[in-house]
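# Chain and residue survey
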Amino acid sequence: MRPTVPTRPALTAALLLLPPALSGCAWGAYFPAVTPLERQVNGVYEGEGNGPTGRVPYRLTLGLVERDGRASGSLVNLESRKVYAGSGSFKRLVDGTEITLQLFENGTHRVNLYVVRRDTDGKISLDGHLRTVLLGREALSYGVSLRPVPKQP
């Protein structure tokens, strides 16, 4: 038996229908680049953590993707220069946004960050707890207070 080979007109028709078929799911889809919540929350914050080992300065670079309900960021200990990167989730609250991040250093889970972002009388703040992770369990807890860093023009 001889295999059937598509005729030239059938092949041409199939090739002409391929691009619309592959891109059809995106027609009319529009996702705004940045939502108002993302514009409010995303950015760089600096402040300090106070805990059992004293006062430690931190810088947090934070980004939310509202459509996915995900948060990501990097935390820098400005004293030791250690950098932690990770992701987590956020929830909208009546008076702010609750953000939870699991942060890693060199692939090892080191820190959990729980903060609430509030805008009180025009002053924006991230306040909450930073908890170090040792052997898979939260060990030391620091109270954290961070403020947005003004954007450079």
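Here's what I pulled together on the structure shown here. These numbers come from a predicted model, not from an experiment.

### So, the nonpolar core
Leu 60, Leu 62, Ile 99, Leu 101, Leu 126 and Leu 130 are the most contacted members of the largest nonpolar core, which has 23 residues in total. Where this core is concerned, the elements lending two or more residues are α2 (36–41), β2 (54–65), β3 (70–77), β4 (83–93), β5 (96–105), β6 (108–120), β7 (123–134) and β8 (137–148). Here this core gets five residues from one element, more than from any other, and that element is β2. Not counting chain neighbours up to four residues away, the residues in contact with Leu 60 comprise Gly 43, Val 44, Tyr 45, Ser 74, Leu 75, Leu 101, Leu 113, Leu 126 and Leu 146.

### Overview of unusual backbone geometry
At Arg 81, a residue that is not glycine, the phi angle is positive and equals roughly 65°. For Arg 81, a relative accessible area of 58% corresponds to the exposed category. In this structure, Leu 135 is a non-glycine residue whose phi angle is positive, near 55°. Tracing the sequence through the fold places Leu 135 in the loop between β7 and β8. Residue classification places Leu 135 among the exposed residues on the basis of a relative accessible area of 88%.

Reading the values: rules and limits
Residues numbered from 1 in each chain as written. Predicted model: local features only at pLDDT ≥ 70, side-chain atom pairs only at ≥ 80, totals over all residues. Heavy atoms only, no water. Core = buried A, V, L, I, M, F, W, Y, C linked by side-chain atoms within 4.5 Å. Buried < 20%, exposed > 50% of the residue type's maximum accessible area, 1.4 Å probe, protein only. Helix = DSSP H or I, 4+ residues; strand = E, 2+ residues; numbered from the N terminus. Contact = heavy atoms within 4.5 Å.

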